[in-house]
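Here's the letter readout for the chains.
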Amino acid sequence: LAHLGHVVVGPVPTAEAGCRLLGRAKMDLALLDVQLADGLSFPLADALRTRGIPVVFCTGHAADGCFPEDWRGAPRVAKPYALGDIVRQIRPLVAASTERG
């Protein structure tokens, strides 16, 4: 993603580390694996959504499996994925973030 001009501010291994990073880094969007070292990433996703930061899940989990109901429609890239899969998901989110300023 850095080669495409994006500034990458992670990765972080835990939701706790993600919340700390959220407090000190500007983010236009977040790519989250569902399973982090300290559990599921949905609490971090909730914190991101509260701040208006879009989330794309990169995961092998089915949306109707472990996803809470309010996250089942979220953008998702299924593993194994290629860079093009991620770019297709983040492109509209980056464009919308740029428009919001």
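Residues numbered from 1 in each chain as written. Predicted model: local features only at pLDDT ≥ 70, side-chain atom pairs only at ≥ 80, totals over all residues. Heavy atoms only, no water.

Q: Looking at this model, I keep getting lost on the packing of helix α1 (residues 15-24) against helix α2 (residues 42-50). Mind explaining?
A: Two numbers describe a pair of packed helices, the interaxial angle and the distance between the axes. For the pair α1 and α2, interaxial distance at closest approach is 9 Å and the crossing angle is 15 degrees. Relative to α2, α1 is oriented roughly parallel. Crossing geometry of α1 relative to α2 is assigned as right-handed. Here Ala 15, Gly 18, Cys 19 and Leu 22 of α1 lie close against α2, whose contacting residues are Leu 44, Ala 47 and Leu 48. For the contact of α1 with α2, the per-class residue count stands at six nonpolar, one polar and no charged. (Axes fitted to C-alpha atoms, helices over the stretch in contact; angles between N-to-C directions. Helix = DSSP H or I, 4+ residues; strand = E, 2+ residues; numbered from the N terminus. Parallel < 35°, antiparallel > 145°, perpendicular 65-115°, else oblique. Left-handed = near helix turned anticlockwise from the far one by under 90°. Contact = heavy atoms within 4.5 Å. Nonpolar A, V, L, I, M, F, W, Y, C, P; charged D, E, K, R; others polar.)

Q: Help me out: how do you make sense of the side chain of Ser 41 in this one?
A: Relative to the assigned elements, Ser 41 resides in the loop between β3 (39-40) and α2. For Ser 41, a relative accessible area of 0% gives the class buried. Each residue touching Ser 41, except ones within four places of it in the same chain, is listed here: Leu 32, Asp 33, Val 34, Leu 36 and Phe 57. (Buried < 20%, exposed > 50% of the residue type's maximum accessible area, 1.4 Å probe, protein only.)

Q: Can you walk me through the environment of Leu 44 in this structure?
A: Tracing the backbone shows Leu 44 in helix α2. For the pair formed by Leu 44 and Leu 83, sequence separation is 39 residues and the distance between their alpha carbons is 23 Å. In contact with Leu 44, not counting residues within four places along its chain, are Ala 15, Gly 18, Cys 19 and Leu 32.

Q: How should I be thinking about the nonpolar core in this particular structure?
A: The nonpolar side chains of a soluble globular protein tend to be buried, and buried together. Membership of the largest hydrophobic core comes to 20 residues, with the highest contact counts inside it found for Met 27, Leu 32, Leu 48, Val 55, Phe 57 and Trp 71. When contributions to this core are tallied by element, the ones reaching two or more residues are α1, β1 (30-32), α2 and β4 (55-59). In terms of nonpolar packing, the next biggest core, distinct from the first, is built from seven residues, Val 56, Cys 58, Val 77 and Leu 93 among them. (Core = buried A, V, L, I, M, F, W, Y, C linked by side-chain atoms within 4.5 Å.)

Q: Is there a simple way to explain the sheet that holds β1 in this structure?
A: Within a sheet, each strand pairs with its neighbour through backbone hydrogen bonds, oriented either parallel or antiparallel. Pairing in this open sheet of three strands is parallel, and the strands run β1-β4-β5 from one edge to the other. Because the sheet does not close on itself, it has two edges, and the strands there are β1 and β5 (76-78). Ignoring which end each strand starts from, the neighbouring axes of this sheet average 20 degrees apart. Direction of pairing for β1 relative to β4: parallel, over a ladder of three bridges. Directly across from Leu 32, in β4, lies its bridge partner Phe 57. (Pairing = 2+ DSSP bridges.)

Q: How should I be thinking about the packing of aromatic side chains in this particular structure?
A: In this description, an aromatic ring pair is defined by two values, namely the gap between the centres and the angle between the planes. Considering all chains together, one arrives at four aromatic pairs under this definition. Measuring from ring centre to ring centre gives 5.4 Å for Phe 42 and Phe 57, while their planes differ by 50 degrees; the resulting arrangement is tilted. Separated by 15 residues along the polypeptide, Phe 42 in helix α2 and Phe 57 in strand β4 bring together distant segments of the chain. Residue Phe 57 is classed as buried on the basis of its relative accessible area of 0%. Between Phe 42 and Phe 67, the ring centres sit 5.2 Å apart and the planes meet at 70 degrees, which makes this aromatic pair edge-to-face. Taken together, the residues span a long stretch of sequence, with Phe 42 in helix α2 and Phe 67 in the loop between β4 and β5 at a distance of 25 residues. An aromatic cluster of three or more residues is present, and its members are Phe 42, Phe 57, Phe 67 and Trp 71. When the ring centre of Trp 71 is taken as reference, the NZ or CZ atom of Arg 49 above it lies at 3.9 Å. (Phe/Tyr/Trp six-rings, centres within 6.5 Å; stacked < 30°, edge-to-face > 60°. Lys NZ or Arg CZ within 6 Å of the ring centre and 35° of its normal.)

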